[in-house]
Amino acid sequence: MSEQQQFDVVVIGGGPAGYHAAIRAAQLGLKTACVDAALGKDGQPALGGTCLRVGCIPSKALLDSSRQFWNMSHIFGEHGISFADQKIDVATMIGRKDKIVKQFTGGIAALFKANKITPFYGFGQLQPGNIVTVKQHDGSTVELKGTNVVLAAGSDSIELPFAKFDGKNIVDNVGALDFTAVPKTLGVIGAGVIGLELGSVWNRLGAKVTVFEALPDFLAAADKEVAKVAAREFKKQGLDIRLGTKVSKTEVKADGVHVTFNDGKSDQEMVVEKLLVCVGRRAATKGLLADGTGVKLDARGMIEVDDHCHTGVDGVWAIGDCVRGPMLAHKGFEEGIEVAELIAGLPGHVNYDTIPNVIYTEPEIAWVGKTEEQLKAEGIAYKAGSFPFAAVGRAVAMAEPIGFVKVLADAETDRILGMHLIGPNVSELVHEGVISMEFNGSADDLARICHAHPSLSEAVHDAAMAVDKRAIHKAN
Ligand SMILES: NC(=O)c1ccc[n+]([C@@H]2O[C@H](COP(=O)([O-])OP(=O)(O)OC[C@H]3O[C@@H](n4cnc5c(N)ncnc54)[C@H](O)[C@@H]3O)[C@@H](O)[C@H]2O)c1
């Protein structure tokens, strides 16, 4: 082993949480190293974590490609546009996605260089005394000592014992981003975010998609009315979502993957060409901690931290998917910045109450804050105002009049407690709710802000006005 190298901050993990921590620490004048083990499709080190390599960014590339394809047969006609032939070249689509991934993973490496962050490519393990050993890809080991160490190891797909990933027939999100042809049939276990997004991609391209969801409720975390509209629209698109359905066995045979499931009434079998398993993710903490570090894991393998991501061990912090809270890249971003600022003696903070959730289906689904169901359960009196995109000129002109915006405000103070959206571009519109809540805004504040006409944001404006039954463009 070479001589120990000394840093102010050593970050293990170059994903969303880790690279934010590293860049912010370097900006604040701290000598920073970042350790990451991941390799890209080309076998070269690739920074950016699950999000950039096999998550958020590549899935959005495929969602956009498949949306263009779907629009050709389902939307273009309404605009008077016709064409002779409709084809999808999957290799070109995947190649475009890979190019975008390469651009962004390379972008993180360039940012590290610009910020004078030292990258180490290999598997990092925390040893007692804030030492990190890195087993590099060439087989050598280096030892780093950090005055502070930030653990940002991310998460891995959960594997079901009866549906083991083989990378070909039974896949996780990584495999489903790289099919070489549109499968005729695709089974999906889990109607969560990944199942709906990647199920939508292949459904739009022509696969017959069946989603097996164990829970009886669809999108249980979302607003009930949003989930109802989503279920109706996905059904119209041809997604066959089977709720309350438990898969108990899978077997790969010559004719495809045989899936045995029970829908609460009887055992049944379906044969699918490919099977995507997306039943959640778990913290990637295996092998991360040597004996005696003092860092504790909870029963689910997550690193235990306090409200400010400190592990309780002097100078050791943990952020992102490997700690409590939603497994969202942008939650990791904020924790990375928080921890770097705390290390530098600044008042770092994350407001967990205003983290937006987005599902990039068609229509898009987004929310921030509490649902009506949560407010009722907590006994909080609230007022609700909603407004449909069908009454928004811009949405109708775009041929996307589906969905609505709902604003929930405290019955007494009028403070916004939640915003729930389904419809066109709501992944962007939800930030009106995020910003309002962050500044303790009221529904009246939002109602009195001038919104451009014609724009989709008018749905937010009218929904805020509807809270006090004064929406202009609908009968209250
Ligand atoms: N747009 C986004 O923000 C985005 C996109 C992709 C992934 N992610 C994150 O990645 C993580 C993983 O996503 P995911 O979709 O795998 O998990 P998820 O938690 O969103 O959904 C998993 C679903 O699988 C179901 N399930 C669990 N076990 C099952 C079983 N045995 N049979 C049938 N159904 C079963 C669950 O009830 C749940 O509905 C999530 O935390 C998600 O937030 C976020």
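Parameters and conventions
The numbers attached to residues start from 1 for each chain and follow its sequence in the written order. Whole-chain, interface and lining totals are the exception, using all residues; otherwise, since this is a predicted model, local features are given only for residues with pLDDT of at least 70 and side-chain atom pairs are given and counted only at 80 or more. An automatic or database domain assignment provides the domain bounds reported here. Only when DSSP finds a minimum of two bridges between them are two strands counted as paired. Think of it this way: any DSSP run of H or I at least four residues long counts as a helix, any run of E at least two long counts as a strand, and we number them from the N terminus. To get an axis, fit a line to the C-alpha atoms, keeping to the stretch in contact for a helix; angles then go from 0 to 180 degrees between the N-to-C directions. UniProt positions are given in the numbering used here, feature names are shortened, and annotations may be inferred rather than shown by experiment. What counts as a contact is two residues whose backbone-derived C-beta atoms lie within 7 Å of each other. Three classes are used. A residue is buried when 20 or more other C-beta atoms lie within 10 Å of its own, exposed when 12 or fewer do, and partly exposed in between, with C-beta atoms placed from the backbone.

Trainee: Report on the domain arrangement of the chain, specifying residues and quantitative values.
Mentor: Structurally, the chain comprises domain 1 (5-156 + 282-344), domain 2 (170-279) and domain 3 (363-467). For domain 1 versus domain 3, the separation of C-alpha centres amounts to 32 Å.

Trainee: If you had to explain the pairing of strand β11 (residues 246-253) to someone new, which residues and values would you point to?
Mentor: When β11 meets strand β12 (residues 256-262), the two strands line up antiparallel, connected through 7 bridges. Directly across from T250, in β12, lies its bridge partner V259.

Trainee: Describe the sheet that holds β11, and please don't skip the residues or the numbers.
Mentor: Each strand in a sheet pairs with another by means of backbone hydrogen bonds, the pair being arranged parallel or else antiparallel. The sheet built from 3 strands is open, its strands ordered β11-β12-β13 with antiparallel pairing. Looking along the sheet, the strands with just one partner apiece sit at the ends: β11 and β13 (267-272). Between one strand axis and the next, the sheet turns through 20 degrees on average, direction left out of account.

Trainee: Explain the UniProt feature "binding site: NAD(+)" (unreviewed entry) in the chain residue by residue, including any values.
Mentor: Following the UniProt record, the feature "binding site: NAD(+)" (unreviewed entry) maps to G190, A191, G192, V193, I194, G195, L196, E197, E213 and G280 here. A compact arrangement is adopted by the annotated residues: their sequence extent is 91 residues, whereas the largest C-alpha distance between any two is 14.5 Å. Relative to the helices and strands, E197 is located in helix α6 (residues 193-204). E197 has contacts with S59, L63, I359, Y360 and T361, leaving out every residue within four places of it along the chain.

Trainee: Help me get a handle on the UniProt feature "binding site: FAD" (unreviewed entry) in the chain, residues and values and all.
Mentor: If you check UniProt for "binding site: FAD" (unreviewed entry), the listed places come out as K60, G124, D321, M327, L328, A329 and H330 in our numbering. Judged by maximum C-alpha separation, these annotated positions cover 271 residues in sequence and are scattered in space, the widest gap reaching 29.6 Å. Its 15 C-beta neighbours within 10 Å are what place K60 among the partly exposed residues. Here H330 is to be found in helix α8 (residues 329-343).

Trainee: Any chance you could break down unusual backbone geometry for me, citing the residues and the numbers?
Mentor: With an omega dihedral of 0 degrees, the bond running from E362 to P363 counts as a cis peptide bond. Going from H453 to P454, the amide bond is cis rather than trans, its omega being -5 degrees. In this model, C309 sits at a positive phi of 65 degrees, which is unusual for a non-glycine residue. Checked against the element boundaries, C309 lands in the loop between β15 (281-283) and β16 (316-318). Overall, C309 belongs to the buried group, with 26 C-beta atoms counted inside 10 Å. Unlike most non-glycine residues, N425 shows phi in positive territory, near 55 degrees. Mapped onto the elements of the fold, N425 is located in the loop between β21 (416-423) and α11 (426-438).

Trainee: Can you tell me about helix α13 (residues 458-466), naming the residues and giving the values?
Mentor: Along α13, 9 of the 9 residues are buried, which leaves the element largely enclosed by surrounding structure. Buried residues belonging to α13 abut β19 (382-388), β20 (404-410), α11 and α12 (443-447).

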